[in-house]
Amino acid sequence: MIKVKTQSLHKRESLLVQSKRQLEILSNGIFQNGELPKFKEKIAETNQFPLKAKKLEILQINVGYMCNQVCEHCHVDAGPDRKEIMTKETMLQCLEVIKNTGAHTLDLTGGAPEMNPHFRWFVEEASKAGIKDFIVRSNLTIIRANKKYYDLPEFFKKHNVHVVSSMPHWTRGKTDKQRGDGVFDKSIKALQELNAIGYGMPNSSLRLDLVYNPSGAFLPGNQASMEKDFKKALLEDFGIQFHNLFAITNLPISRFLDYLIASENYEDYMYQLVDAYNPDAVTNVMCTNTLSISWDGYLYDCDFNQMLELPVNSKVKHISQYNEELLEGRNIVISQHCYGCTAGAGSSCQGTVA
Amino acid sequence: MSKTYYDPADLRKFGKITDWSEELGNKFFDYYGKVFEEGALTAREKSLIALAVSHTEQCPYCIDAYTKDGLERGITKEEMMEAIHVGAAIKSGATLVHGVQMMNKVNKLDG
């Protein structure tokens, strides 16, 4: 049983539920008094403003904010109390786009995407489109959460789904601190089940990747070194294998922003992000080749902009009006949270970018 | 003038030491960077050594820097504390081993 340690900002009725409030925090203080440059000014130094969308490669669909976990740093503010769920009607509109897109990757996320009542139907239909890489971001514990989910590994295998799962550390203490008591043990069990049917095994075409994001107010270390340490520890301690580790930086929004402010780490964290700014990462930042679709069908440059309610800067706003050509070349909507994707080796839903 | 000797914000200004002695400052930072690269020891091992030495040197800037560095590398708090104990053991051992000098002196003068 997972013991939830925290509550969503929505449940707590936090002021940060208003994305406007988050954006004010990110634009005031050290960014207003000139202590730190705004993201726009920083990228202008290397003539990278405005940031423009290139050819679409990744279509990321958020099928709902409901989740069985309430992780400390969730940028979605997901949890069991969130009722925003993609309807079948919106899924049908997404399927039309999936059939015709030039993107090579389809990426389903949430919340726990498996909790959407139409999830399996959607995966079955979407997999028929023959997109090269079909990702489902599974939190792992959902596989052990209820009998109705026990067969998910087989379901993923049947549809050749690429499973990407969060794992903040190879130790129980650090994982449970971030994701709730009991998450580590359930995640280990789920990984062993995925391994047992071929996921994550060397040379297996059933892809299993892990996502690492730091458990506190610090940046992720070198992705390759972390991958080595994760592989060694998980294999030695639990016989678990996986393919790649994606090291992802926590962006200062939603519950992580709340944590930074409450722990008095906000300013230091923003300094860290700005100090680690890497113009090479800007070139490949994910918003330039990704489109994020929200549970209600609206379009965003990335999942973070979706949570900040910053829609795409385009005539095309909704999946029902989708037009890939019109979206290409649009100016990306930015704010200071974008420093999270350009620090060090950069950060994206597929790991480092520089 | 600051009312405290140490200000955490000064750590961020470390690079500015080159302003008043560019050549020596640059040589130091080149050397420093090279030392911490992967070599016969891993960067992770070096980070733990640096953390232990930060404590024996009682440098608050270094303690902040290498605690964060350790967290970024996935080093656990148990590993960090053990590393500090290594430093502490050497410090106390270095104190105590001088006890032999004291014993030698006592034996010579009053033996």
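Calculation criteria
- Residues numbered from 1 in each chain as written.
- Chains lettered and ligands numbered in written order.
- Predicted model: local features only at pLDDT ≥ 70, side-chain atom pairs only at ≥ 80, totals over all residues.
- UniProt positions renumbered as here; feature names shortened; annotations may be inferred.
- Helix = DSSP H or I, 4+ residues; strand = E, 2+ residues; numbered from the N terminus.
- Rg over C-alpha atoms; globule rule 2.2 N^0.38 Å.
- Buried ≥ 20, exposed ≤ 12 C-beta atoms within 10 Å, placed from the backbone.
- Contact = placed C-beta atoms within 7 Å.
- pLDDT = per-residue confidence, 0-100.
- Pairing = 2+ DSSP bridges.
- Axes fitted to C-alpha atoms, helices over the stretch in contact; angles between N-to-C directions.
- Parallel < 35°, antiparallel > 145°, perpendicular 65-115°, else oblique.
- Expected span 1.5 Å × (residues − 1).

Chain B has the name Arsenosugar biosynthesis-associated peroxidase-like protein in an unreviewed UniProt entry, where Winogradskyella vincentii is given as its organism.

The name given to chain A in an unreviewed UniProt entry is Arsenosugar biosynthesis radical SAM protein ArsS, with the source organism recorded as Winogradskyella vincentii. We quote the UniProt Cofactor (unreviewed entry) comment for chain A here in full: "[4Fe-4S] cluster".

Digging into the overall build of chain A
Within chain A, the regular secondary structure consists of 14 helices and eight strands. Radius of gyration (C-alpha) of chain A: 19 Å, near the 20 Å computed for a compact globule of 354 residues. Principal-axis analysis of the C-alpha atoms places the extent of chain A at approximately 55 × 45 × 40 Å. The buried share among the 354 residues of chain A stands at 52%. For chain A, contacts bridging at least 24 residues in sequence account for 75% of all contacts bridging at least 6.

Side note on the interface of chain A and chain B
Contacts between the two partners involve 11 residues from chain A and, on the opposite side, nine residues from chain B. Examining the composition of the side of chain A that touches chain B, we find that three residues originate from one element, helix H9 (residues 223–238) of chain A, more than from any other.

A few points about unusual backbone geometry
Residues and elements named next belong to chain A. In this structure, the amide linkage connecting Phe 49 to the following residue, Pro 50, adopts the cis form with an omega of -5 degrees. Residue position: Pro 50 is located in the loop between helix H3 (39–45) and strand E1 (58–62). With phi around 55 degrees, Glu 264 is a residue other than glycine that occupies positive phi space. When you line up the elements, Glu 264 lands in the loop between helix H10 (254–262) and helix H11 (266–275).

Overview of the confidence of the model for chain B
The share of residues in chain B with pLDDT of 70 or more is 98%, and the mean pLDDT across the chain is 96. Both confidence scores are given for the complex: pTM 0.92, ipTM 0.83.

Description of the UniProt feature "domain: Carboxymuconolactone decarboxylase-like" (unreviewed entry) in chain B
Per the UniProt record, the feature "domain: Carboxymuconolactone decarboxylase-like" (unreviewed entry) sits at residues 23–101 of chain B. Annotation note: span residues 23–101 of chain B, helix share 81%, strand share 0%, distance between end C-alpha atoms 43 Å.

A look at the sheet that holds strand E8 (residues 299–300) of chain A
Residues and elements named next belong to chain A. Here eight strands make up an open sheet; going across it, the order is E6-E5-E4-E3-E2-E1-E7-E8 and the pairing mixed. The open sheet has two edge strands with one neighbour each: strand E6 (245–247) and E8. Here four bridges tie strand E4 (residues 162–166) to strand E5 (residues 208–212), and the two strands are oriented parallel to one another. The partner of Val 163 across the bridge, within E5, is Leu 208. Running over the sheet, H9 touches E5 and E6 and is turned about 135 degrees from E6.

Re the pairing of E1 of chain A
Walk down a regular strand and you will see the side chains alternate between the two sheet faces. Residues and elements named next belong to chain A. Taken across its five residues, E1 has five buried, putting it largely inside the fold. The alternating pattern of E1 places Ile 58, Gln 60 and Asn 62 on one face and Leu 59 and Ile 61 on the opposite face, and all of these are buried. Bridge count between E1 and strand E2 (residues 105–109): five bridges; the pairing is parallel. Paired with Ile 61 across the two strands is Leu 108, which belongs to E2. With four bridges joining them, E1 and strand E7 (residues 290–293) adopt parallel strand pairing. Residue pairing across strands places Leu 59 opposite Leu 291, the latter belonging to E7.

Re the UniProt feature "domain: Radical SAM core" (unreviewed entry) in chain A
Following the UniProt record, one finds the feature "domain: Radical SAM core" (unreviewed entry) at residues 61–199 of chain A. In residues 61–199 of chain A, helix accounts for 37% and strand for 12%; the two terminal C-alpha atoms are 23 Å from one another.

Focus on the packing of helix H7 (residues 172–179) of chain A against helix H8 (residues 183–196) of chain A
Residue and element names in this part refer to chain A. Contact pair H7 / H8: the axes reach a minimum separation of 8 Å and the direction vectors enclose 110 degrees. Judged on the interaxial angle alone, H8 and H7 are roughly perpendicular. Two secondary-structure elements touch here, H7 through Arg 172, Thr 175, Asp 176 and Arg 179 and H8 through Val 183, Phe 184 and Ser 187.

Looking at helix H3 (residues 60–72) of chain B
Quick reminder: α-helices carry 3.6 residues per turn. Residues three or four places apart thus point the same way. All names here are of chain B. Compared with the 18 Å implied by 1.5 Å per residue over 13 residues, the 18 Å span of H3 between its first and last C-alpha is a close match. Turning to H3, its buried residues number three or more, namely Tyr 66, Asp 69, Gly 70 and Leu 71. Positive phi shows up at Gly 74, right after H3, with a value of about 80 degrees.

Some thoughts on the environment of Phe 304 of chain A
Residue and element names in this part refer to chain A. Take Phe 304: it is sitting in helix H13 (residues 303–307). Measuring from C-alpha to C-alpha, the distance between Phe 304 and Ser 292 comes to 9.0 Å, with 12 residues separating the pair along the chain. If sequence neighbours within four positions are ignored, Phe 304 has contacts with His 75, Leu 251, Ile 253 and His 337.

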